[in-house]
Every structure is written in structure tokens, then in C-alpha cells.
Amino acid sequence: MRREGSAISTPAAARPLPVPDETSGPYWSAAADHILALARCARCGSFALPPDQVCPHCRSTDPDYAFEPVSGRGTVRSWTVVRQSGLPGFAADLPFVLVDVELAEQTELRMIGRLLDGPGALAGTDPALRLGARVQVAFEDVHPGVGVPAFTLAEAASVAEPSGGVR
């Protein structure tokens, strides 16, 4: 604590930073460059998030994961509004929304991240945040050289593709 005049002030708590290890290092290195790269099993070709010593899809004990960039597009499966946090560094951001997103690359490939649109996305009679809402990965630069994946709501209007489909 520092004393400034008659007031006592404490330094603002910083957000916790990731501590990459041998397995997660490529993920965090890509995130620092604002790229979402996920581990793909060399045996079955499925993505694993987070990667473990055993592939959750084919059960290979030697998945030989390679990290590959993915689109970062997905749909909201669920969310929660965080109004109170016991972790340091989040007090200034309260309340915030955490979304559970199914990424477009693979069925049941799910990731949780902060929705940067905030709780306002839940406001009004026709809220933008709802089950099935489309999102896109974004990154929060929480420290020099440290990016944390988060999400933003995608454009509400669908874009027609030349084949007549909707993407």
C-alpha cells in the first residue's frame, strides 16, 4: 500500500495472466497475435480444447497434436452474467457476460469466453444475445504480448452466398 496525502491507496489488481506450458504454449502464442489456433489430433483429425494427453475423440494416447488456425466463428449455447468476482483484476469490468460458444469447425467443440458486447446485449425487448446467436472471436490484450480470446456478436443480417445459401 502507498500513502498519498491522507488517503491510502492500493495498486489496482491486475488480471491473472495465462501461464503457458509445453502443451498450451502454441495456443497462447497464437492468441498473442490475435489468431485462434486449436489443437488437432494427428490420429483422427478432431480438434481438442483443451488438448490433453489422450484425444477425447479417438482415445489415442499419442495424439501428436498440431495447432491450426480456426475461423473463430460460432454460436452461443449458453451464457451467464458475472456480477461478482472473487478473482483479482475483474472488479472494474463487472458486470460482464461469459458465453459458452460452439465453434463452427466441429460439432460440440465448445469454448467459454467473455462477450465484449457486454450486458447491454441482453437489453430491450429483442436482445441481441440469445441462444443460437452468432459470434466471432476477438481478443483482449491484457498485458503486452498477451492476448486472451473473447467474443463479439456477429452481424445480425445474414449474408447470402452465390450458391443461394446463407453463411
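Just so it is clear, the structure is predicted and the values come from calculations on it, not from any experiment.

## A word on unusual backbone geometry
What you tend to see is this: most non-glycine residues have negative phi, and most peptide bonds are trans. Between Leu49 and Pro50 the backbone carries a cis peptide bond, its omega angle lying at -5 degrees. Not every positive phi belongs to a glycine, and Asp64 is a case in point at roughly 45 degrees. For Asp64, a relative accessible area of 49% corresponds to the partly exposed category. The phi dihedral of Glu108 is positive, around 65 degrees, even though this residue is not glycine. By the element assignment, Glu108 lies in the loop between β7 (96–103) and β8 (110–115).

## Thoughts on the pattern of salt bridges
Inspection of every chain in the model, using the stated rule, returns 10 salt bridges. The closest approach of N and O atoms between Arg114 and Glu140, which form a salt bridge, is 3.6 Å. Note that Arg114 is positioned in strand β8 and Glu140 in strand β9 (residues 134–143), a separation of 26 residues in sequence. By relative accessible area, which is 16% here, Arg114 ends up buried. The exposure class of Glu140 is buried, given its relative accessible area of 12%. Overlapping salt bridges bring together Arg77, Asp100, Glu102, Glu108 and Arg110 as one network.

## Description of the environment of Ala133
You can see Ala133 is positioned in the loop between β8 and β9. Taking C-alpha positions, Ala133 is 8.3 Å from Arg77, a pair spaced 56 residues apart along the chain. Other than its neighbours up to four places away in sequence, Ala133 contacts Gly74, Thr75, Val76, Ala128 and Leu153.

## Here's the deal with the packing of aromatic side chains
On inspection of all chains with the given rule, the structure shows two aromatic pairs. For the ring pair Phe90 and Phe96, a centre distance of 5.7 Å and an interplane angle of 35 degrees mean the geometry is tilted. Assessed through its relative accessible area of 13%, Phe90 is described here as buried. Looking at Arg114, its charged tip hangs above the ring of Phe96, at a distance of 5.4 Å from the centre.

What counts, and where the lines are drawn
Residues numbered from 1 in each chain as written. Predicted model: local features only at pLDDT ≥ 70, side-chain atom pairs only at ≥ 80, totals over all residues. Heavy atoms only, no water. Buried < 20%, exposed > 50% of the residue type's maximum accessible area, 1.4 Å probe, protein only. Helix = DSSP H or I, 4+ residues; strand = E, 2+ residues; numbered from the N terminus. Salt bridge = Lys/Arg side-chain N within 4 Å of Asp/Glu carboxyl O. Contact = heavy atoms within 4.5 Å. Phe/Tyr/Trp six-rings, centres within 6.5 Å; stacked < 30°, edge-to-face > 60°. Lys NZ or Arg CZ within 6 Å of the ring centre and 35° of its normal.

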